[in-house]
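# Remarks on the overall topology
Read off the chains here:
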Amino acid sequence: MALAGTPLAPALRPAGTAAEPAKKTGFEVRLANFTGPFDLLLGLITKHQLDITEVALATVTDEFIKYIKNLQQLGEEWALDEASEFLVIAATLLDLKAARLLPAGEVEDDEDIALLEARDLLFARLLQYKAFKQVAGLINTTLELEARSFPRQVALEGHFAALLPELVWRHTPEQFAALAESALKPKEAPSNEVGLAHLHGSAVTVKEQAEILGRKLQHGRPMSFRTLIADAESTLVVVVRFLALLEMFRDKAVGFDQLQPLGDLTVRWTAGDDDWSSEHLSEEYEEQH
Amino acid sequence: MSGSVPEPAPDQDTGGGLNVAELPGGARAALEAVLMVIDQPATAMELAAGLNLTVDAVEQLLAELQQDYNGYTVNAPDTDVASKTGHGSSPRGFELRNIAGGWRIYSRADFAEIVGGFVLEGQTARLTQAALETLAVIAYRQPVSRARVSAIRGVNVDSVVRTLMQRGLIEDSGTDPESGAILYRTTSYFLERMGIGSVAELPQLSPHLPGLEGIEEFYDAGRM
Amino acid sequence: MSGSVPEPAPDQDTGGGLNVAELPGGARAALEAVLMVIDQPATAMELAAGLNLTVDAVEQLLAELQQDYNGYTVNAPDTDVASKTGHGSSPRGFELRNIAGGWRIYSRADFAEIVGGFVLEGQTARLTQAALETLAVIAYRQPVSRARVSAIRGVNVDSVVRTLMQRGLIEDSGTDPESGAILYRTTSYFLERMGIGSVAELPQLSPHLPGLEGIEEFYDAGRM
């Protein structure tokens, strides 16, 4: 399943350069082409020359976090957008993982899952995204080509216009004004209708979930991710806990073990007994929410 | 403009038995005359009603005009390509095209640069990559809600959808009975801009989705 | 389509080395292409400038086209008045007319009856809701470009604006100095139908409705 030919240019990396500046270049290159998280994911997969099934979650998500941070340095607006899109990616990756981690029966859509492995789901989404990207290119070409012929749409010749039946007009100035009122009233902003409740409404924060995870892990044995999210009341909580774990990993508070790709993810506590608190968690991420 | 194209009326009595064949230039010129005043594509049926001719006859005439404008000599068997070479029939500066389900006169694409200078008003700004991709998703998944387009593209598409609406490329098509979300579809203006008769003529999506059979079905089964 | 955002074609001046004679059909077809799509009559001088030809050459071509459309055979081996009749000289359904110094293609007068019937068929004496709302926006925000009205209404208003123009309810009022877009205002016929003496007599709207300032921002933000 080659994902070659993704639209993202590979990082421009002169041989022998230190990794840090090279990476920056890569992200800047991507920024110019960036249109969505799937775009980025495709890019990362290309960069690692990996089959998607082999991509270790930790590696990819780690790169996402780095990517977000870079964006934050570039400008707040981008960073805000990207941060919320990050949730989409995290959810997609989680889909992949969850289907493997959770025994059949606990999954909502177990029939579907049985039919199609989670990796196929992610594949499907990526391929679909890629297909639409390609088709968009075709549409663009067609539109540009077609824009070269101009339709004849001239005003009706005067003598024909004169034949038109006299207009029936029943509006009083007041009725007309009412019409103008409603036409001029700002339309319900479309974004209102989508609703951001899933992002802001139920105030699930990384910090809060990190604390819960900390309590579960701090003095006990390693636990599987499955166990850690067993009491999660919604997908959002699962996603945020996943994000919290990544943050905690960056803080060197936890470590991950995954014996095989797509295998069980075991989380163990690596910080000292008492010298960790969720307060340390990267502030910039919290500020986004 | 809805106004200028008549509904096909079988009992249409244009000119009360007026015989177009008797006018100078005959039925063909009469058809041309009508094509000069329409400001949106007209179907063969509408034209036939207006001209008091059969649809078959109109279709025949349309095909003849189309060839004529392209530089073919009508009724010359198998003239291959219009050209200045042999038959003294170079293409006209305009062409007759059948798109978005109807017939209409267009300036020939060869002259785009020149014509563009005269009809700036009709020119459109380019679509951004984001707008194009969103348009593509809507075109292939219509009717579709914004949330679903967002899910496919992985980004919020609200402002892009608004712009596509303003450009007349997409429109509301009611609400989803289950979710209550507004559904969107492409417009006939979109078809016109694409130079096609219906969305069925869009390039197949499947060749661009290599490898996984049944993705569509699975996807449509409603994961997102 | 938002007319105010033309994408200037590269080499728009057409003086940039573009040689119309090299295009298929040559200068004559190029002239035809322009004549077929312009809405306002154009003078020979305007046409010459756009085509990068001398006024004399354009006038010569105009005369040829006029004869050609009228069914005369033009003095060339290149005659493309194709027709079934063999001698290639029946008149076309359209004609090229010079009115007050400007040239435009019209439907041929012989077919006025047929064309008139076609135009009238399906015409309603009533404005659609979309047309009414667009008219209301123009009345209260005039002079205003189509792009702005589009932005306010959230849909493409091109064809509705054409209908309103055709109905004599609105008219051109020059171009926006910044964008170059055509601005529209209501006509005195509109006032007549409303039974008022001037637009100042239209009932006041609530003060909190957005004026054009806010709309502009919205429009610019949504522009692709």
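### Comments concerning the overall build of chain B
Scanning chain B from N- to C-terminus turns up 9 helices and 5 strands. For chain B, the N- to C-terminal ordering of α and β elements is α-α-α-β-β-α-α-β-α-α-β-β-α-α. Residue burial in chain B is summarised as follows: out of 224 residues, 56% are buried. The long-range share in chain B, meaning contacts at least 24 apart out of those at least 6 apart in sequence, stands at 50%. Of the roughly 8800 Å² that chain B leaves accessible, carbon and sulfur atoms contribute 50%.

### Details of the environment of C:Glu201
Inspection of the secondary structure assignment puts C:Glu201 in the loop between helix 8 (188-194) and helix 9 (212-222). C:Glu201 sits 10 residues away from C:Leu191 along the chain, and the two C-alpha atoms are 9.5 Å apart.

### Observations concerning the sheet that holds strand 2 (residues 254-258) of chain A
Residues and elements named next belong to chain A. Sheet architecture is open: 3 strands sit in the order 1-3-2, paired in antiparallel fashion. Both edges of this open sheet fall to strand 1 (223-224) and strand 2, since each of them pairs with a single strand only. With 5 bridges connecting them, strand 2 and strand 3 (residues 265-269) associate as antiparallel partners. Its bridge partner lying in strand 3, Gln258 is registered against Leu265. Taken strand by strand, helix 11 (residues 206-217) contacts strand 1, strand 2 and strand 3, and its axis lies near 80 degrees from that of strand 3. Of the strands in this sheet, strand 2 and strand 3 touch helix 13 (residues 235-250), which is tilted by about 110 degrees from strand 2.

### Thoughts on the packing of aromatic side chains
One pass over the full model with this rule turns up 10 aromatic pairs over all chains. On the basis of an interplanar angle of 25 degrees and a centroid distance of 6.4 Å, the ring pair of A:Phe176 and C:Tyr140 is categorised as stacked. Of this pair, A:Phe176 sits in helix 8 (residues 173-184) while C:Tyr140 sits in helix 5 (residues 129-141), placing the two residues on different chains. Ring geometry for C:Tyr69 against C:Phe94: centres 4.7 Å apart, planes inclined by 75 degrees, an arrangement best described as edge-to-face. Highlighted residues: C:Tyr69 in helix 3 (residues 55-70) and C:Phe94 in strand 1 (residues 94-99), separated in sequence by 25 residues. Like C:Phe94, C:Tyr69 is buried.

Cut-off values and rules
- Residues numbered from 1 in each chain as written.
- Chains lettered and ligands numbered in written order.
- Predicted model: local features only at pLDDT ≥ 70, side-chain atom pairs only at ≥ 80, totals over all residues.
- Heavy atoms only, no water.
- Helix = DSSP H or I, 4+ residues; strand = E, 2+ residues; numbered from the N terminus.
- Buried < 20%, exposed > 50% of the residue type's maximum accessible area, 1.4 Å probe, protein only.
- Contact = heavy atoms within 4.5 Å.
- Areas by Shrake-Rupley, 256 points an atom, 1.4 Å probe, with all protein chains shown as cover.
- Pairing = 2+ DSSP bridges.
- Axes fitted to C-alpha atoms, helices over the stretch in contact; angles between N-to-C directions.
- Phe/Tyr/Trp six-rings, centres within 6.5 Å; stacked < 30°, edge-to-face > 60°.

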